[in-house]
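A look at the structure
Listed here are the chains, written in short residue letters.
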Amino acid sequence: MSPFARLSATLAATRHNIASRPQGDDQVVTAHKFGGSSLADAECFRRVTGILLERGDAVQVTVVSAMQGVTNSLIKMAEAAAAKDAAWQEQWNRLRERHLETARDLLGDQSGALRIWLESRHADLADTLKALAVLGIPAREALDAIQGLGEVWSAHLLRATIESQGHECALLDARDVVVVGQGELGVAVDWSASAIRLADWRANHPQRRVVITGFVARDREGRPTTLGRNGSDFSGAIFAALFEANELHIWTDVDGVLSADPRLVPEAVSLDALSYEEACELAYFGAKVIHPQTMLPAMALGLPIHIRNTFRPAHPGTRIATSGESAQGPVRGLSLADELAIVNVEGAGMIGVPGTAERVFAALRDARVSVVMISQGSSEHSICLVVRAADCSRAESALEAAFSRELSQGQIQAIAVTRDISVLAAVGDRMAGTPGVAARLFATLARAQVNIRAIAQGASERNISVAVASADAPRALRAAHAGFWLSPQTLSVGVIGPGNVGRALLDQLREAIPRLRREANLDLRVRAIASSSKLLVSERGDLAADWSAQLASSNLGADFDALTRHVHAAHLPHAVIIDCSASNEVADHYPAWLGAGIHVITPNKQAGSGPLSRWQAIRDSRMAGGGRWRYEATVGAGLPVISTLRDLLDTGDELIAIEGILSGTLAWLFNRYDGSQPFSALVREALALGYTEPDPRDDLSGLDVARKLVILAREAGQSLELADVEVRGLVPAELLVLDKDEAIAALDKLDAGIAKDFESARSNGCVLRYVARLDSEGKASVGLVELPDSHAFANLRLTDNSVQFTTRRYAENPLIVQGPGAGRDVTAAGIFADLLRLGSALGARL
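Let me begin by describing the structure that accompanies this report. Values in this document were obtained by computation on a predicted structure and should not be read as measured data.

Looking now at the overall build of the protein chain. Scanning the protein chain from N- to C-terminus turns up 32 helices and 31 strands. Relative to the compact-globule value of 28 Å for 846 residues, the protein chain shows a C-alpha radius of gyration of 37 Å, a clear excess of over 25%. The principal-axis extents of the C-alpha atoms in the protein chain amount to approximately 120 × 75 × 55 Å. With 846 residues in all, the protein chain has 53% of them scored as buried. Contacts in the protein chain between residues far apart in sequence, at least 24 positions, make up 72% of those at least 6 positions apart. Approximately 35500 Å² of the protein chain is accessible, and the part contributed by carbon and sulfur atoms is 50%. In the protein chain, 84 side chains carry a positive charge and 100 a negative one; their mean positions are 4 Å apart.

This is the structure in structure tokens:
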């Protein structure tokens, strides 16, 4: 018979011994347990009393912990007294005053009897501590008696508070009922003896409200003992079983069981329901709300457990029962266990040898080392174990001793210990039989740049556990939480260059962020903005409407290293830097960023068209570090030029030639120029409208177009340098040596040459266009050319870019991408689109 079956049978057999009570709906028993945080002070006691009295429980059983922090104080006092440290006296006095003050606050003038009782019990404690000081050692029996006093005191405080409101309430000292023994698996309840004792107690205490001391019990010899850490929750389950309660409410300071630790994942959500097995798995791997031992009696009897928030009693919390009964996804929650280590036993001599694993576990058992996780490959070449960090040295020594002969003979190569390990566990009943759960977990962690050291999954498929470096653990948890859509996919964003395009991007982001978080499960956090002189950082990453003013008033100077450290925060799963500058210096940082796993998005053409060696270093870093480099906006602003070229090549097409109008400024100038006014007048008009760079020579030189052509050439697999492009600029040599203002004043020198070219083109039935050309042999040129009136480039809107791809598939009728290719808003939109594509690749629902 299983332990659960024995428990059920024991309770059934002793049921007739429990004091009889009338049958009917009015005799439904509801058990409650309140933790220390729920009983921190007098106000908390009043809150708990209100919760209990407002409920319509026919029979109400309430188990209480000590006031918050009291158990730890009692243990410290006992240790100090045994060490002959007189500091225990001051600690004792503070504890005494705390309880007396709580009684005065709760009961006022009616507190006299309770305060006398508390004074007496604290005096008894002082006598015990004095005896320990004489002995010089903390005797086991004395320590067990001392550390359970807090529950006794808080039970008296709560009972007195309930009675002061005019309600009868009995007080049950658990040491008068619960009998326990110690086994290899910990505390074992003697259910039969405990049920009989409770029946005797109930015969003399018919009150419908009972307050019970948690944590404490007696052993089979009648000595006071405790149920160990988290024992008060266990007490709640024990008394819920003994009283045959219909349900158990465990009251804490959180809204039930959360999908992850809210300190690491602030977006963690309260789970409405869990199965017993799911709750056990989450609790074992770090969820602090409920201890696995608490659920054993409940599981045996099918007793529902409700995890509730004392400070938000209207919240339904989490219901734990036989079935989670939830329509949510396969993974219900994630837990993280810290302070662990990996012990790896490895050697070719282990392969096919029966009994090796048994020897490993026997050695660890004898060394009193608990194994948290086990992983072994089918080759039997190694056995990987995860143990508590505090036990790893003992585990290593025990295994070295057990396998000393095999180590000396080389049959086992090594027993290696890796410290600073954490275990991340993904838990859910619906994982069983659902394909792709493990794949999603592993892919999510890979995208977050988290290396998995060991993997374990049981045949139930309810839990997938992975061991990772502790430094990566917070990022792993947040990434996995978002990866299973338990929270939005979070990107830590840094923006460099908040000029025209950067400002437009930030405005677009600020407007879209709430919608993306709500509808696409994408949480974009702009945590840093850097100009050429200032740096603005934000911990939360909320983009304020006055971000520009905040940046201007920031006392931080521009510092790319500081920006990188802040954006690439360990607790956030993904980091992206958006470079909206035109800086060659910023482009120099791309290899380091990508190598560190930081994604880079940019309209900056310096990286894509600069030295070929740097471009190759960027690509190599991207492959090695896993960071993604997206640069669609470097050519054609928001037009899908690069992605179209990439799609053609990736699907096996062959490039024959590229021709394009790649400058919105030059497109506007030559679409407008008809010989009726000087070309220089149009340039000045374009400058006034903001269509040109502050120095128009930057556009007229043709270098910007050449850079875009180099980017396309490299995307097509050609190793082209900027110097390889034949650039026929429009700026006469005499204008190149002038400063900006002088050059603008002397723009008239452009007119004669442009007018001559225009007349020649018109006489030939052609138009002038500034065109970039690249063939399959790598011949590249940019310059002013004559095109027939029928050519696609001859019939563009004013600022349109147009790129014509001639390929094997599109040989007779080239593929054309055309549209607005300049402007702050469309360029910003192109950058934003790259950011959304990145979010989608990282798991957002876009």
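In terms of nonpolar packing, the biggest core is built from 71 residues, with Tyr-590, Trp-629, Leu-669, Phe-670, Phe-679, Leu-700 and Phe-805 touching the most fellow members. Ranked by residues supplied to this core, first place goes to helix H28 (residues 703-715) with seven residues. Not counting residues within four places of it along the chain, the set of residues in contact with Phe-805 comprises Val-641, Thr-644, Leu-645, Leu-648, Leu-655, Ala-657, Ile-658, Tyr-810, Pro-814, Leu-815 and Val-817. Counting residues in each nonpolar core, the second largest holds 52 residues, with Val-178, Val-187, Phe-234 and Ile-305 among its members.

Looking now at the sheet that holds strand S4 (residues 179-183). The strand order S5-S4-S7-S8 describes an open sheet built from four strands, whose pairing is mixed. Two strands bound the open sheet, and with one partner strand each, they are strand S5 (186-189) and strand S8 (224-226). On average, adjacent strands in this sheet sit at an angle of 55° to one another, irrespective of strand direction.

Within the fold, Glu-406 resides in helix H14 (residues 404-408). In this structure the side chain of Glu-406 is engaged in a polar contact, spanning 2.8 Å, whose partner is the side chain of Arg-359. Of note is the side chain of Glu-406, whose polar atom sits 3.5 Å from the side chain of Arg-405. Ignoring sequence-local partners within four residues, the contact set of Glu-406 consists of Arg-359, Gln-411 and Ile-412.

A few words on the pairing of strand S1 (residues 29-34). Across the six residues that make up S1, a large majority, six, are buried. Here S1 shows two buried faces, one formed by Val-29, Ala-31 and Lys-33 and the other by Thr-30, His-32 and Phe-34. Here S1 runs beside strand S2 (residues 59-64); their pairing, made up of six bridges, is parallel. Within S2, the residue paired with Val-29 across the bridge is Val-59. The handedness of the S1 to S2 crossover, carried by helix H2 (residues 42-54), is right-handed. Taken together, the five bridges between S1 and strand S9 (residues 247-252) define a ladder with parallel strand orientation. Across the sheet, Thr-30 pairs through a bridge with Glu-247, a residue of S9.

About the cut-offs
Residues numbered from 1 in each chain as written. Predicted model: local features only at pLDDT ≥ 70, side-chain atom pairs only at ≥ 80, totals over all residues. Heavy atoms only, no water. Helix = DSSP H or I, 4+ residues; strand = E, 2+ residues; numbered from the N terminus. Rg over C-alpha atoms; globule rule 2.2 N^0.38 Å. Buried < 20%, exposed > 50% of the residue type's maximum accessible area, 1.4 Å probe, protein only. Contact = heavy atoms within 4.5 Å. Areas by Shrake-Rupley, 256 points an atom, 1.4 Å probe, with all protein chains shown as cover. Lys, Arg positive; Asp, Glu negative; His and termini not counted. Charge placed at Lys NZ, Arg CZ, Asp CG, Glu CD. Core = buried A, V, L, I, M, F, W, Y, C linked by side-chain atoms within 4.5 Å. Pairing = 2+ DSSP bridges. Axes fitted to C-alpha atoms, helices over the stretch in contact; angles between N-to-C directions. Polar contact = N/O pair within 3.5 Å; in protein donor to acceptor, adjacent residues only side chain to side chain. Right-handed = clockwise from strand over helix to strand, strands pointing away.

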